[in-house]
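For reference, the chains in residue letters:
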Amino acid sequence: MIPGNSTTPEASVPAAVAGLTRSEELEQVFARVLADQLTAVPAHSGELTYELAPERLLKVAEFLRDAPELMFEMCMDVCGIDYLEYGRAEWKTVAASSSGYSRGVSRIGEASEAIDDSISSEPAAGRRYAVVYHLLSVSLNQRVRLRVFCPDDEQPMVDSVTAIWASADWFEREVFDLFGILFRGHPDLRRILTDYGFIGHPFRKDFPLSGNVEVRYDPEKGRVVYEPVTIEPRILVPKVIRDDNRYDPQLTSASAAAPTGKPNA
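Residues numbered from 1 in each chain as written. Predicted model: local features only at pLDDT ≥ 70, side-chain atom pairs only at ≥ 80, totals over all residues. Heavy atoms only, no water.

A. Structural context of the nonpolar core. Phe 30, Leu 64, Leu 70, Tyr 133 and Leu 135 are the most contacted members of the largest nonpolar core, which has 37 residues in total. Looking at this core, the elements that each hand over two or more residues are α2 (22–33), α3 (57–66), β3 (74–82), β4 (129–137), β5 (142–149) and α4 (168–179). Ranked by the residues each element gives to this core, the list is headed by α3, at 5 residues. Discounting chain neighbours no more than four positions away, the residues touching Tyr 133 are Leu 57, Asp 77, Val 78, Val 144, Arg 145, Leu 146, Val 148, Val 158, Asp 159, Val 161 and Phe 183. (Core = buried A, V, L, I, M, F, W, Y, C linked by side-chain atoms within 4.5 Å. Buried < 20%, exposed > 50% of the residue type's maximum accessible area, 1.4 Å probe, protein only. Helix = DSSP H or I, 4+ residues; strand = E, 2+ residues; numbered from the N terminus. Contact = heavy atoms within 4.5 Å.)

Printed below as a string of structure tokens:
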């Protein structure tokens, strides 16, 4: 039983109402047993998503796993989100195809070609980093998402749910590696995708596209070495990195200066 609820979940949940979808029935259950713990988040996909305070995460997670009308016994994924620059985009779109969102949408009007300066690039304090949990009830065939914001933007941290769902172990390590979000109580929080000498967290929105260091094998030292980045920062600008005789200036000039006439028969 979650603190703050005056009745037990079993007594407060009515029988399934005829004509409602499974998602609508589950939504009614959440409205009755966790109304004071969760805040519904609008979702275009029709899937249930709720936000909760970080200090309530462990108790609510345990309740979701054990309550007989919920039984979310599996944590399918744990994702990190960086809301820096959220809402500011060159191209706007509100719909997604079967393959996902695309930047190659049709532009309509001049306003859609410019970044909306009315939206601040800096999110409110405690609203930059979030962790999203994807939960599945195999027994009842239902799903739900939970979103928790990290209260400290400088050192984002939430409690680890590995004691509730063991599958969250590597998921939380992945979020730590890519976003730098810490998980209090994790048994072995270390990088899992990048190497041990990697600097920074590559999924943060302010991470440089070229990275902080580059890696190469040094045959003289017989090991991998880290060096300052030599790639010049660029965005959507093609650049030839290797030598290629097809781009020789003499060949290019000769081709451009060739006389125009009828081709040989």
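B. Looking closely at the side chain of Gln 142. You can see Gln 142 is positioned in strand β5. In this view, Gln 142 contacts Arg 22, Leu 26, Glu 69, Leu 70, Phe 72, Leu 135, Leu 136 and Ser 137; residues no more than four positions away in its chain are not counted.

C. Layout of the packing of aromatic side chains. On inspection of all chains with the given rule, the structure shows 6 aromatic pairs. Each ring, one from Tyr 83 and one from Phe 149, has its centre 5.5 Å from the other, and the planes form 35°; the classification is tilted. With a gap of 66 residues between them, Tyr 83 in the loop between β3 and β4 and Phe 149 in strand β5 connect regions that are remote in the sequence. The exposure class assigned to Phe 149 is buried, which follows from its relative accessible area of 8%. Here a set of aromatic residues connected by ring pairs shows up, and it is made of Phe 30, Tyr 50 and Phe 72. Positioned above the aromatic ring of Phe 149 is the side chain of Arg 127, whose terminal nitrogen or guanidinium carbon lies 3.7 Å from the ring centre. (Phe/Tyr/Trp six-rings, centres within 6.5 Å; stacked < 30°, edge-to-face > 60°. Lys NZ or Arg CZ within 6 Å of the ring centre and 35° of its normal.)

D. Structural detail: α4. When the terminal C-alpha atoms of α4 are compared, their 16 Å separation across 12 residues agrees well with the 16 Å that a helix rising 1.5 Å per residue should span. If you check which residues of α4 are buried, you get Ala 168, Glu 172, Arg 173, Val 175, Phe 176, Asp 177, Leu 178 and Phe 179. Trailing α4 by a residue or two, Gly 180 shows a phi angle of about 75°, which is positive. (Expected span 1.5 Å × (residues − 1).)

E. Representation of the state of the cysteines. For the structure shown, the criterion picks out 0 disulfides. Of the cysteine sulfurs around Cys 79, a residue in no disulfide, the closest is that of Cys 75, at 9.0 Å. (Disulfide = S-S within 2.5 Å.)

F. Up close: the pairing of β4. Counting buried positions along β4 yields 8 of 9 residues, so the element is predominantly enclosed. The pairing of β3 with β4 spans 8 bridges and is antiparallel. Each residue of the ladder has a partner; that of Cys 75, found in β4, is Leu 135. Between the end of β4 and the start of β5, which pair antiparallel, lie 4 residues, with Asn 141 showing a positive phi angle near 55°. (Pairing = 2+ DSSP bridges.)

G. Region of interest: the sheet that holds strand β2 (residues 49–51). Strand order in this open sheet of 5 strands is β1-β2-β5-β4-β3, and the pairing throughout is mixed. Only two strands of the sheet have a single partner each, and these edge strands are β1 (39–40) and β3. By the bridge criterion, 8 bridges tie β4 to β5 in an arrangement that is antiparallel. The residue of β5 that forms the bridge with His 134 is Arg 145. The strands touched by α4 within the sheet are β3 and β4, with β3 carrying the most contacts at an inclination of about 10°. (Axes fitted to C-alpha atoms, helices over the stretch in contact; angles between N-to-C directions.)

H. Structural context of α2. Its 12 residues place the ends of α2 17 Å apart at the C-alpha level, agreeing with the 16 Å of an ideal helix rising 1.5 Å per residue. Residues of α2 that are buried include every one of Leu 26, Val 29, Phe 30 and Val 33, and no others. Along α2, the residues classed as buried sweep out an arc of 95° about the axis, all on the same side. (Arc of directions from axis to C-beta.)

I. Spotlight on unusual backbone geometry. Of note in the backbone geometry, Met 71 takes a positive phi value of approximately 50° without being a glycine. Its relative accessible area of 28% is what places Met 71 among the partly exposed residues. Backbone geometry places Asn 141, a non-glycine residue, at a positive phi of 55°. Mapped onto the elements, Asn 141 comes out in the loop between β4 and β5.

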